[in-house]
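# Analysis of the macromolecular model
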Amino acid sequence: MDTGVGERPSPAPPGHPDPGPGWQRRFWAIFGGQALSLTGSAMTQFVLLWWITDMTGSVGALATAGMAALLPQALLGPLGGTFADRYSRRVLMIAADTVSALCMLVLIALFASGRVELWHVYTMMFVRSSMQAFQGPAAAASTAMLVPASFLPRAAGLNQTLQGIMTVAAAPLGALAIGALPLWAALGLDVATALLGILPLLVFRVPQLRLPPGERAGVWAEFRQGVSLVWRHPGLRQLYAVMAAVVLVIMPTFTLTPLLVKEHFGGGAGQVALMEGLSGVGMIAGGLAVAVLAPRRRVATVLVAFALSCLAVALTALAPGHAFWLAVVWWVVSGVTFSYGNAPMTAVLQTVIPNQLQGRALSLLSTVMGLAGPVGLALAGPLGEWLGVRGLFVAAGVLSALASLAGFLSPALLRLEGTAVGAEERPEFSSPTRRTGNREGI
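Residues numbered from 1 in each chain as written. Predicted model: local features only at pLDDT ≥ 70, side-chain atom pairs only at ≥ 80, totals over all residues. Heavy atoms only, no water.

### Some thoughts on the overall build of the protein chain
Going by this rule: The secondary structure listing takes helices from DSSP runs of H or I that are at least 4 residues long and strands from runs of E that are at least 2 residues long, numbered from the N terminus. Exposure was quantified through the Shrake-Rupley algorithm and a 1.4 Å probe, taking into account, for residues, occlusion by the shown protein chains and nothing else.
Helices and strands together make up the secondary structure of the protein chain, namely 13 helices and 2 strands. Carbon together with sulfur atoms contributes 69% to the accessible area of the protein chain, which is approximately 17,100 Å² in total.

Have a look at this one:
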């Protein structure tokens, strides 16, 4: 993939301020806290998905769990993004993590008393997904304000590396917790890591650009401004459409991975943990490659890398049942290429979209992808029963790769990284007084 050497640099994000002295300390403290919190959450997700797999062995049950984990975030994402641009992002992140931790304490009590039922787990996933609808846009928009503009591509690469580290640690820790601890005690680790994620947010202030209270529109009006931003920008509109198509087709495979390992390869929780853990190593490698190379042709990188990642998913399922090692190799390749594509996409969006609108625009992308995910999972239930879990993986990998490569048919999408949203596409900044945001440390 092209590193972009010798090409003109991408435009600086509109209105991106200098984060000031000591930005490294603030960034790494919050980054580290979120790393611990996300690892705990991913470990919990692994434990619960394996519990559902072991208890039911059903494609439908896992698809329901996936929808419970995605649908609330999709439906509430626009509201969460609007709140992230309108109110304190730091407070939103703290509140969301706190509610998620309290929800987990309830589930721990149910497991400890032996009274847990499948719908309890679905409900927990539903509530945590609802909180993510508020926490996700606030965190994504805050990251851009914690670092200087020149560091944005590398920050995106580091965030992608974090996803890989999270995967590496979460799967083995989840498998270890299942074997060594009662389930309720394993879930308690999530509460502890959530508190560690909240702590830096209580210590450090997060810079934020906001309009003065007297110049703000209503919540609905601000939400419509975010939708208008994306809809009126052809490149953004095409990117959102491509991502929706890819997620709709490929999402069921990530939820159904434990079932593929159990049915086709005859493995257990340890094998799933190995597969996910090594995939995380691949994600780390991909994220570090982005952080080091900072590819300039970012849109092309995104499309090619995602297509390769999806094809590797199909090849994972095509491995013979006796060659689990080959499936692991392809799963790792999928992790490397996914990470190498996802980080540049984040950098493109942070470059093109003004920070005052990033919460809304990024949450809209989460909504589009989040709605596509449950639709794909709803279709995966009957299709999985017809094609089998292995056939479903192959079909999803090939079709999603084609959907990603279809992005090359859009000139507006290929030109996206060389453009910036103009004032005419930002109606709330149409007056001279509104063109200067209010920079606050919250």
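Anyway, onward from the coordinates.
### Observations regarding the pattern of salt bridges
As a reminder, the rule being used: Any Lys or Arg side-chain nitrogen found within 4 Å of a carboxyl oxygen on Asp or Glu counts as a salt bridge. Note on classification: 1.4 Å probe, protein chains only; a residue is buried when its accessible area is under 20% of the maximum for its type, exposed when over 50%, partly exposed between these limits.
Tallied over the entire structure, the rule returns 2 salt bridges. K262 serves as the salt-bridge partner of D54, at 4.0 Å between the closest nitrogen and oxygen. Residue D54 is located in helix 1 (residues 23-56), and its partner K262 is located in helix 8 (residues 234-263); the two are separated by 208 residues in the primary sequence. Overall, D54 belongs to the exposed group, its relative accessible area being 51%. Looking at K262, the relative accessible area reads 32%, which means it is partly exposed.

### Re the nonpolar core
Condition: Remark: nonpolar core denotes a set of buried residues (Ala, Val, Leu, Ile, Met, Phe, Trp, Tyr, Cys) joined through side-chain atoms within 4.5 Å. Residues are treated as being in contact if the distance between any of their heavy atoms lies within 4.5 Å.
Within the largest apolar cluster, 80 residues are counted, with the highest numbers of intra-cluster contacts made by I52, L107, F111, V121, M125, Y240 and L349. The residues contacting I52, other than those within four sequence positions of it, are G57, A61, L62, A65, L118, V121, Y122 and M125. Counting 21 residues, the second-largest nonpolar core is a separate cluster that includes L92, A138, L146 and V206.

### What to know about the side chain of S100
Relative to the helices and strands, S100 is located in helix 3 (residues 89-113). In this structure S100 comes out as buried when scored by relative accessible area, which is 12%. Excluding its chain neighbours within four sequence positions, the residues that come into contact with S100 are R128 and M131.

### A look at the packing of helix 1 against helix 3
The condition that has to hold: The axes used here are C-alpha line fits, helices contributing only the stretch in contact, and every angle between their N-to-C directions lies in the interval 0 to 180 degrees. Two helices cross in a left-handed way if the nearer one is turned anticlockwise from the farther one by less than a right angle. They cross in a right-handed way if the turn is clockwise. Side-chain classes are defined by residue name, with Ala, Val, Leu, Ile, Met, Phe, Trp, Tyr, Cys and Pro counting as nonpolar, Asp, Glu, Lys and Arg as charged, and the others, Gly among them, as polar.
One way to put it is that helix 1 packs onto helix 3 with a least axis distance of 13 Å and a crossing angle of 35°. Seen from above, helix 1 lies across helix 3 with left-handed handedness. Where helix 1 abuts helix 3, its residues Q34, S37, T44, L48 and W51 lie against D97, M104, L107 and F111. Here the contact of helix 1 with helix 3 is built from residues that sort into 5 nonpolar, 3 polar and 1 charged.

### Topic: the packing of aromatic side chains
Using the following cut-off: Each pair of aromatic rings taken from Phe, Tyr and Trp, with Trp reduced to its six-membered ring, is defined by centres within 6.5 Å and is described as stacked if the planes are under 30 degrees apart, edge-to-face if over 60, and tilted in the remaining cases.
The final tally for this structure, using the stated rule, is 7 aromatic pairs. Where F27 meets W28, the ring centres are 5.3 Å apart and the plane angle is 70°; that geometry is what we call edge-to-face. The class of F27 is buried, set by a relative accessible area of 3%. A relative accessible area of 44% means that W28 is categorised as partly exposed. Pairing F306 with F338 gives two aromatic rings, centres 5.7 Å apart and planes at 10°, and the pair type is stacked. Taken together, the residues F306 in helix 10 (residues 298-318) and F338 in helix 11 (residues 324-352) connect sequence positions 32 residues apart. For F306, a relative accessible area of 6% corresponds to the buried category. In textbook terms, an aromatic cluster arises when at least three aromatic residues are bridged by ring pairs, as seen for F83, Y87 and F134.

### Side note on helix 3
The condition that has to hold: Here the expected span of a helix is defined as 1.5 Å times the quantity of residues minus one.
Helix length check: helix 3 (25 residues) gives 37 Å between terminal C-alpha atoms against 36 Å at 1.5 Å per residue, within 8%. Directly beyond the C-terminal end of helix 3, a positive phi value near 75° is found at G114.

### Points about the confidence of the model for the protein chain
Going by this rule: A residue's pLDDT is the predictor's confidence in that residue, given on a scale from 0 to 100.
Chain-level pLDDT for the protein chain is 76 on average; 81% of the residues reach the 70-or-more range. The secondary-structure element of the protein chain with the lowest mean pLDDT is strand 2 (residues 438-441), recorded at 38, while helix 10 shows the highest, at 91. Considering only residues more than four positions removed or in separate chains, one finds that residues 422-442, a stretch of pLDDT under 50, has 51 contacts.

### Re the packing of helix 2 (residues 59-86) against helix 4 (residues 118-146)
As a reminder, the rule being used: To sort the angles, those under 35 degrees are grouped as roughly parallel, those over 145 as roughly antiparallel, those from 65 to 115 as roughly perpendicular, and the leftovers as oblique.
For the pair helix 2 and helix 4, interaxial distance at closest approach is 7 Å and the crossing angle is 30°. Comparing their axes, helix 4 and helix 2 come out roughly parallel. Of the two elements, helix 2 crosses helix 4, and the hand of that crossing is right-handed. Looking at the contact of helix 2 with helix 4, its residues break down into 17 nonpolar, 8 polar and no charged.

### Considerations on the environment of F151
Structurally, the position occupied by F151 is in the loop between helix 4 and helix 5 (152-180). Residues F151 and A347 lie 196 residues apart in sequence; the distance between their C-alpha atoms is 9.9 Å. In this structure F151 touches W23, F27 and L158, once residues within four positions along its chain are discounted.

### Details of a nonpolar patch on the surface
For clarity, the threshold we go by: Here a patch means residues that are over 30% exposed by relative accessible area and free of salt bridges, tied together within 9 Å if like-charged and within 5 Å if nonpolar (Val, Leu, Ile, Met, Phe, Trp, Tyr).
Together, V304, L308, L311, V398, L399, L402, L405, F408 and L414 give the surface a local cluster of nonpolar side chains, amounting to about 710 Å² of exposed area. At the level of elements, helix 10 and helix 12 (355-405) are the ones that each hand at least two residues to the nonpolar patch. Examining the composition of the nonpolar patch, we find that 4 residues originate from one element, helix 12, more than from any other. Along the chain, the position of L311 falls in helix 10. On the accessibility criterion, L311 (38% relative accessible area) is partly exposed.

### Considerations on helix 4
Cut-off, in case you're wondering: Consider a residue and the seven residues that end there alongside the seven that start there; fitting an axis to each set, the bend is the angle between those axes.
The terminal C-alpha atoms of helix 4, which comprises 29 residues, lie 41 Å apart, in line with the 42 Å expected from a rise of 1.5 Å per residue. Considering bend angle alone, the principal kink of helix 4 is centred on Q132 and spans about 30°.

### Comments concerning the environment of G57
Note on placement: G57 falls in the loop between helix 1 and helix 2. Here G57 falls in the partly exposed class, since its relative accessible area comes to 33%. C-alpha of G57 to C-alpha of L259: the two residues are 202 residues apart in sequence and 7.0 Å apart in space. With sequence-adjacent residues up to four places away left out, G57 is seen in contact with I52, L259 and E263.

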